[in-house]
Amino acid sequence: MNSNTTQTTALFHYLLRLADSNLILSQRLCELCGDAPSLEEELAISNVALDLIGQARNWYEYASELDPLKRNPDHLAFRRDAHEFYNFLLVEQKNGNFADTITRQFFFDAWHLATLESLQDSNDERIRSIADKAVKEVSYHLRRSSQWVIRLGDGTDVSHEKMQTAINNAWRFTGELLSKDEVDDMLETDGLIPDASKTSQLWKHSIETILTQATLDRPDYAAWMYMGGKQGEHTECLGFILTEMQYLQRAYPDAKVW
Amino acid sequence: MSEYPLYEVFVRSKHGLNHKHVGSVHAIDDAMAMENARELYTRRCEGVSIWVVPSKMITASALDDKEALFDPSQDKIYRHASFYELPDEVGHM
Amino acid sequence: MYAQLVETGVKKVKSIDEMNKDESEFQAKIDAEIKIEAKNWMPDAYRKTLIRQISQHAHSEIVGMLPEGNWLTRAPTLKRKLQLLAKIQDEAGHGLYLYSAMETLGADRDTEIEKLHSGKAKYSSIFNYPTLNWTDMGAIGWLVDGAAIVNQVVLQRTSYGPYSRAMVRICKEESFHQRQGYEILLTIMRHGTKAQKAMVQDSINRLWWPSLMMFGPTDDDSPNSKQSLAWKIKRKSNDELRQMFIDQTIPQLEFLGCTVPDPDLKWNEETGHYDFGNIDWDEFYAVLKGNGPCNQERLAKRKNAIDQGAWVREAAVAYANKHKIEAI
């Protein structure tokens, strides 16, 4: 394998991580249709989900061009099995109550914005242009989820407790957001993706600022972290998500159009 | 949502145009009112600027006073340019 | 329609001679096509009828999200998922436009939603039918939104200003909904497999009659229509709208190469309209009374969302109250 192929393989893998995390999180948000605590939130949740699916599609399109198997974006989304999905474990976790949903979103948004802002400096033009567009959407996502973390954290006793529980429960999935493996290392060295330590700093800064404002306790960074999504090893949740999401493509494998 | 106050929403659809009333939203504070208005009234890039105003801050003329308020200006035709006749030779003014 | 069988509380439409001064001035404005605005004087029954009609319309938008939401997580491609989500989002938005118009009449959104949840307020019968396969998303867009549009286009001229303006906005946004639905069906009828095409026909078979019921009972059985028409809250009768819908839909059906489950449907050269078979009104009234296939599930889901969200809304208010002074 020459270095070029390895870089292409790494980039393909990295693009799928971005795309898959966006898609799986948006799938979870789609499950909430009709369940939001108010109609106004119904609109907001759909907006975030629409943005994420749109971004997933952009990343899949780029990945598709690098795919040795030449699969198109829909094929990548609807015909791969769980071990070939590289999304974060965080985004596949269940919606739970509104505090759980918001916590998952907030942890992801903070990572997402930090990552996209750095990707705007990638030496890959295609990555830059997708990131440029996504940054505008995601800064709104982070603003919204931060506002809810603050409102619920500093709202009533009930909401404070629910929010703290949600933070504590989801914390074990945050380590993966800041983790690095050989794919990240290679692309980082080549200047395609940002310095992970910078993203990590930005993420921690968002979390600390917002949790303080929300009067919530931040769990320990050194806590034990659950990882593996980026390498295709998932929690039990993902299989069920895919079963539902991929149902039609699997049930009608010979259908060419939908 | 009654515990969330009502805000009236005004959208400027294009640069150079006035803000126009488009409807209302419920929100707990100004920031949420702005977010909700954006979500609801500009999903298709209908605006370049939004105002949100707590509905209770608006003082409206009673529509049934319309005659008292507005009819008096109807006969003040001297406020309109067409009231003044100038010979054609003067040209456009 | 989205508002079926709206009670006016009026037994007989008054003639001009029977009206008092306020009433006759009001009717004169209506007759002159002058829009009624929130602060204008209006008969109490007019206000109540409007609140009932607009809230029914709004409830229909909100409950109408559920049959489509049912397939959102199973949409077959990224493009279809985006389109369906955007459409459902519009429906939430349209519900909000309508509640906002309703509130100008002094009605309270929570109170009206409470009436929905307790079964006192109605919403369109169509949303109590299940969505059983993917092409139901196409058939809903084409037939259900198609039927809604026929009515809503006319309602843009309704006599109450805020309602009329909400309808203008809604009609503008909904133009993509029907096309989106028809395109789902057309794509499959043109390039789909045999199994997919069978799915399309199955959707039409199930949704055809319920779509025709959306326009409400026949004119002979619509005791309230007369007053609503006189007030120009309604602009055309149920039967007129239903006929318009059928006349415009059948050529589209033929273009798809599909059929409707009505052996009596045929073009009538003399009238210039399609004749069609008898609608099963027993079914219609049963669904309206709460005995449709999904009435219980739809209401339970809406009620659950609002109940489960109570602590969130309370927290938001508590937070705002705490920080009010700082903001000023």
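These numbers come from a predicted model, not from an experiment.

Counting its secondary structure elements, chain B contains two helices and three strands. Put simply, chain B runs from its N terminus to its C terminus through helices and strands in the order β-β-α-β-α. Looking at the 93 residues of chain B, the share that counts as buried comes to 29%. In chain B, 43% of the contacts between residues at least 6 apart in sequence involve partners at least 24 apart.

Below, the discussion takes up the layout of surface pockets. Put simply, the largest pocket is a space of about 1,300 Å³. Lining the largest pocket are 35 residues, with B:Glu8, B:His21, B:Val22, B:Gly23 and C:Arg165 sitting closest to its centre. Broken down by secondary-structure element, the contributors of at least two residues to the lining of the largest pocket are β1 (6-12) and β2 (19-26) of chain B together with α4 (78-103) and α7 (161-191) of chain C. A total of seven residues in the lining of the largest pocket trace back to one element, the largest contributor, which is α7(C). For the lining of the largest pocket, the per-class residue count stands at 15 nonpolar, nine polar and 11 charged.

Moving on to the pairing of β2(B). By the bridge criterion, seven bridges tie β1(B) to β2(B) in an arrangement that is antiparallel. Across the sheet, the residue bridging to B:Val11 is B:Lys20, located in β2(B).

Our next topic: the packing of aromatic side chains. Under the counting rule described, the total for this entry stands at 23 aromatic pairs over all chains. Both rings, one in A:Phe108 and one in A:Trp111, keep their centres 5.6 Å apart while their planes meet at 40°; by these two values the pair is tilted. Of the two residues, A:Phe108 and A:Trp111 both sit in helix α5 (residues 98-119), three residues apart, roughly one turn of that helix. In terms of burial, A:Phe108 and A:Trp111 fall into one category: buried. Aromatic rings pair up to connect A:Phe106, A:Phe107, A:Trp171, A:Trp203 and A:Tyr221 into one cluster. In this arrangement the basic side chain of A:Arg151 is found over the ring face of A:Trp148, its NZ or CZ atom lying 4.7 Å from the centre. Taking NZ or CZ as reference, A:Lys162 lies 5.1 Å from the ring centre of C:Trp311, over its face.

Contacts between chain A and chain B engage 10 residues on the former and 12 residues on the latter. Across the chain A/chain B interface, buried area totals approximately 930 Å², and carbon plus sulfur atoms make up 51% of it. Taken as a group, A:Glu40, A:Leu43 and A:Arg151 account for 49% of the area that chain A buries against chain B, more than any other trio of residues on that side. A:Arg143 is the partner of B:Glu35 in a salt bridge, and the nearest nitrogen-oxygen pair spans 2.9 Å. For the interface between chain A and chain B, the tally reads three residue pairs in polar contact (both at pLDDT 80 or more). Listing elements by their share of the side of chain A that touches chain B, those giving two or more residues are α2 (39-66) and α6 (125-153) of chain A.

This part takes up the sheet that holds β1(B). All names here are of chain B. Overall, antiparallel pairing links the three strands, which are arranged β2-β1-β3 in an open sheet. Two strands lie at the open edges of the sheet, namely β2 and β3 (49-54), each paired on one side alone. Pairwise comparison of adjacent strand axes, ignoring direction, gives a mean angle of 25° for this sheet. Pairing analysis gives six bridges linking β1 to β3, with the strands arranged antiparallel. Within the sheet, the bridge partner assigned to Val9 lies in β3 and is Val52.

In this structure, A:Tyr60, A:Phe107, C:Tyr46 and C:Trp134 are the most contacted members of the largest nonpolar core, which totals 198 residues. It is α2(A) that contributes the most residues to this core, 14 residues altogether. Beyond its immediate stretch of four places on either side in the chain, C:Trp134 contacts A:Leu248, A:Trp258, C:Trp71, C:Ala75, C:Pro76, C:Arg80, C:Leu84, C:Ile184 and C:Met199.

Residue and element names in this part refer to chain A. You will see that Lys70, though not glycine, has its phi angle at about 55°, which is positive. Looking at the element boundaries, Lys70 is found in the loop between α2 and α3 (73-78). Within the chain, Thr215 stands out as a residue other than glycine whose phi angle is a positive 55°. With respect to the helices, strands and loops of the structure, Thr215 is situated in the loop between α9 (196-213) and α10 (237-245). The class for Thr215 is partly exposed, based on a relative accessible area of 42%.

All names here are of chain C. Note on placement: Val6 falls in the segment before α1 (21-31). Judged by its relative accessible area of 9%, Val6 is buried. On a C-alpha basis, the gap between Val6 and Pro223 in space is 9.6 Å, while along the polypeptide they are 217 residues apart.

The figure often quoted for interface size is the accessible area lost as the parts come together. In this complex, chain C contributes 49 residues to the contact, which on the side of chain A involves 48 residues. Taken over both partners, the interface formed by chain C and chain A buries close to 4,300 Å², and the fraction arising from carbon and sulfur atoms is 71%. On the surface where chain C and chain A come into contact, there are three salt bridges. A salt bridge links A:Asp154 to C:Lys322; its shortest N-O distance comes to 3.0 Å. Viewed at the interface, chain A and chain C are joined by 16 residue pairs in polar contact (both at pLDDT 80 or more). Those elements giving two or more residues to the side of chain C that touches chain A turn out to be α3 (65-72), α4, α7, α8 (194-213), α12 (295-308) and α13 (310-327) of chain C. Ranked by residues supplied to the side of chain C that touches chain A, first place goes to α4(C) with 13 residues. Of the residues belonging to the side of chain C that touches chain A, the class tally is 27 nonpolar, 12 polar and 10 charged.

Residue and element names in this part refer to chain C. The full count for this structure, using the stated rule, is 36 salt bridges over all chains. In this structure, Glu112 and Lys115 form a salt bridge, with 3.2 Å as the shortest nitrogen-oxygen distance. Taken as a pair, Glu112 and Lys115 lie in helix α5 (residues 109-117) at a separation of three residues, close to a single helical turn. Taking relative accessible area as the criterion, Glu112 reaches 7% and is therefore assigned buried. Two residues, Arg206 and Asp136, come together in a salt bridge whose shortest N-O distance is 2.8 Å. Residue Arg206 is found in helix α8, and its partner Asp136 is found in helix α6 (residues 135-155); the two are separated by 70 residues along the sequence.

With respect to the element layout, B:Glu39 can be found in helix α1 (residues 30-41). Not counting the four nearest positions on each side in its chain, B:Glu39 is found in contact with A:Leu43, A:Ala44, A:Asn47 and A:Tyr140.

Taking 1.5 Å per residue as the helical rise, α8(C) with its 20 residues ought to reach 28 Å, and the 30 Å between its terminal C-alpha atoms agrees with that figure. Of all the bends in α8(C), the greatest reaches close to 35° and is centred on C:Leu207; the proline C:Pro210 follows between one and four positions later.

Here is what the cut-offs are and how they apply
- Residues numbered from 1 in each chain as written.
- Chains lettered and ligands numbered in written order.
- Predicted model: local features only at pLDDT ≥ 70, side-chain atom pairs only at ≥ 80, totals over all residues.
- Heavy atoms only, no water.
- Helix = DSSP H or I, 4+ residues; strand = E, 2+ residues; numbered from the N terminus.
- Buried < 20%, exposed > 50% of the residue type's maximum accessible area, 1.4 Å probe, protein only.
- Contact = heavy atoms within 4.5 Å.
- 1 Å grid on protein atoms, 1.4 Å probe; cavity = no way out; pocket = protein on both sides within 12 Å on 5 of 7 lines; lining within 4 Å.
- Points joined across faces, edges and corners; volume = space filled by probe spheres on them.
- Nonpolar A, V, L, I, M, F, W, Y, C, P; charged D, E, K, R; others polar.
- Pairing = 2+ DSSP bridges.
- Phe/Tyr/Trp six-rings, centres within 6.5 Å; stacked < 30°, edge-to-face > 60°.
- Lys NZ or Arg CZ within 6 Å of the ring centre and 35° of its normal.
- Buried area = accessible area lost by both parts, 1.4 Å probe.
- Salt bridge = Lys/Arg side-chain N within 4 Å of Asp/Glu carboxyl O.
- Polar contact = N/O pair within 3.5 Å; in protein donor to acceptor, adjacent residues only side chain to side chain.
- Axes fitted to C-alpha atoms, helices over the stretch in contact; angles between N-to-C directions.
- Core = buried A, V, L, I, M, F, W, Y, C linked by side-chain atoms within 4.5 Å.
- Expected span 1.5 Å × (residues − 1).
- Bend = angle between axes of the 7 residues up to and from the residue.

The quantities given are spatial measurements derived from coordinates; they are silent on function.
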